[in-house]
Amino acid sequence: MSDQNHITDRAALLMHRARVTDPSALFLHQAAAEDVQDRLSMINRTFTKVAVVTPFADVWRAVFPDAVCVADDDVLTLEPGSHDLVIHAMALHWANDPVGQLIQCRRSLQPDGLCLVPCFGGNTLTELRAALGQAEIEVTGGLSPRVAPMGDIRDLGALLQRAGFAMPVADSATMTVHYDSALHLMRDLRAMGETNALNARLKTITQRAVLLKASEIYANSYGTEDGRIPASFEIVMLSGWAPDESQPKPLRPGSASQRLADSLGTLEIPLKD
């Protein structure tokens with residue numbers, strides 16, 4: 001795939017991530033790691049060969065000290081069939097080929113291995129996206145991409161099926177973080193390495209007038225009574241299993257041995273012709 005077809009400018013993304021120096025700025029990764037721990041605690045199984053795909057290995061090594069941590073490059077350095085658990089951690093929104101990332105995760109799993117994918121969903125930073133778009137139109141008369149596209153939960157769940165996972169599941173929760181202003185939010189995004197790395201972005205510094213206008217629009221449209229502004233971060237959790245013969249399989253249509261109406265204790269009314 002040529003650079004022109006890439007969604008993400010990887011060089012810019014790596015530069016932004018290299019600026020991350022404060023571990024506390026990665027609170028979203030830490031929250032995702034805690035969620036993964038909670039989910040694994042409910043599975044009656046011990047995972048001993050763990051791999052984590054992440055740009056911030058230190059966060060995940062604190063939770064999985066024996067895990068193999070690899071970068072979220074276009075080609076993942078994972079050995080085929082070598083893991084019983086793979087976590088693709090909070091990086092899928094920057095992938096130029098998200099299905100390809102999931103396929104590589106599945107191939108690295110042993111049969112009946114589990115893949116967990118915490119990632120940002122489509123409701124992430126909706127307020128900032130709207131404020132920046134309106135501000136840029138009002139100030140410059142144009143519009144440029146400023147926030148990475150993020151799939152909604154239904155689309156993200158479909159990626160698991162396309163990647164060949166069995167028993168795919170997707171659910172989400174939204175975390176709302178409050179800031180003094182939109183400018184403070186943008187500063188926090190910079191601190192966590194999540195500023196604009198889209199290939200189609202404007203390659204010039206954003207005008208100060210656009211940022212100030214966006215901050216004004218944000219406060220007017222979404223501000224709370226205490227003068228602060230909310231920022232939404234939707235965390236979607238995808239889970240799927242590497243196919244294996246031991247897994248339960250859906251019955252063939254029409255093969256049921258008991259009527260649903262009998263199980264529910266209701267009267268079945270046949271449709272009229």
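That block above? That's the structure.
Residues numbered from 1 in each chain as written. Predicted model: local features only at pLDDT ≥ 70, side-chain atom pairs only at ≥ 80, totals over all residues. Heavy atoms only, no water.

(A) Geometry of the pattern of salt bridges. In this structure the tally under the stated criterion is 11 salt bridges. Put simply, Arg10 and Asp72 hold a salt bridge, and the shortest N to O gap is 3.6 Å. With Arg10 in helix H1 (residues 10-18) and Asp72 in the loop between strand S2 (68-70) and strand S3 (83-88), this pair connects stretches of sequence that are 62 residues apart. Classification of Asp72 by relative accessible area gives buried; the value is 5%. Measuring nitrogen to oxygen at the nearest pair gives 3.3 Å for the salt bridge that ties Arg45 to Asp112. Taken together, the residues span a long stretch of sequence, with Arg45 in the loop between helix H2 (27-41) and strand S1 (50-53) and Asp112 in strand S4 (residues 109-120) at a distance of 67 residues. (Salt bridge = Lys/Arg side-chain N within 4 Å of Asp/Glu carboxyl O. Helix = DSSP H or I, 4+ residues; strand = E, 2+ residues; numbered from the N terminus. Buried < 20%, exposed > 50% of the residue type's maximum accessible area, 1.4 Å probe, protein only.)

(B) Structural context of the nonpolar core. Trp60, Ile87, Leu185 and Phe233 are the most contacted members of the largest nonpolar core, which has 54 residues in total. Take this core: its biggest share by element is six residues, from strand S6 (residues 229-241). The contact partners of Phe233, leaving out residues within four places of it in the chain, are Leu28, Phe120, Thr124, Leu125, Ala173, Thr174, Met175, Val177, Tyr179, Leu185 and Leu189. Judged by nonpolar contacts, the second largest core, of 23 residues, contains Val53, Leu102, Cys105 and Phe165. (Core = buried A, V, L, I, M, F, W, Y, C linked by side-chain atoms within 4.5 Å. Contact = heavy atoms within 4.5 Å.)

(C) Layout of the sheet that holds S6. Read across the sheet, six strands follow the order S2-S1-S3-S4-S6-S5 without closing on themselves; strand pairing throughout is mixed. Taken across any chain shown, the strands that pair with only one partner, and hence form the sheet edges, are S2 and strand S5 (166-179). Within this sheet the neighbouring strands show an average axis-to-axis angle of 15°, counted without direction. Note that S5 and S6 share 12 bridges and pair antiparallel. Across the sheet, Ser172 pairs through a bridge with Val236, a residue of S6. (Pairing = 2+ DSSP bridges. Axes fitted to C-alpha atoms, helices over the stretch in contact; angles between N-to-C directions.)

(D) The arrangement of the packing of aromatic side chains in detail. In the structure shown here, the tally under the stated rule is two aromatic pairs. Note on Phe120 and Phe233: the rings are 6.4 Å apart at their centroids and 45° apart in plane angle, and the pair reads as tilted. Here Phe120 is found in strand S4, whereas its partner Phe233 is found in strand S6, with 113 residues between them in sequence. A relative accessible area of 5% means that Phe120 is categorised as buried. (Phe/Tyr/Trp six-rings, centres within 6.5 Å; stacked < 30°, edge-to-face > 60°.)

(E) Highlighting H2. Given a rise of 1.5 Å per residue, 15 residues ought to cover 21 Å, and the 21 Å separating the end C-alpha atoms of H2 matches this to within 8%. If you follow the buried residues of H2, they end up packed against helix H3 (57-61), S3, S4, S5 and S6. (Expected span 1.5 Å × (residues − 1).)

(F) Spatial organisation of the side chain of His29. Position of His29 among the secondary structure elements: in helix H2. His29 sits in the buried class, given a relative accessible area of 4%. Apart from the residues lying within four places of it in its own chain, the contact partners of His29 are Pro55, Phe56, Val59, Trp60, Ala89 and Met90.

(G) Structural context of the state of the cysteines. One pass over the structure, following the stated rule, counts zero disulfides. Cys105 carries a free sulfur, and the closest cysteine sulfur to it, the one in Cys115, is 4.6 Å from it. The buried category is assigned to Cys105, whose relative accessible area is 0%. Cys115 sits in the buried class, given a relative accessible area of 0%. (Disulfide = S-S within 2.5 Å.)

All we've got here are geometric facts, nothing functional implied.
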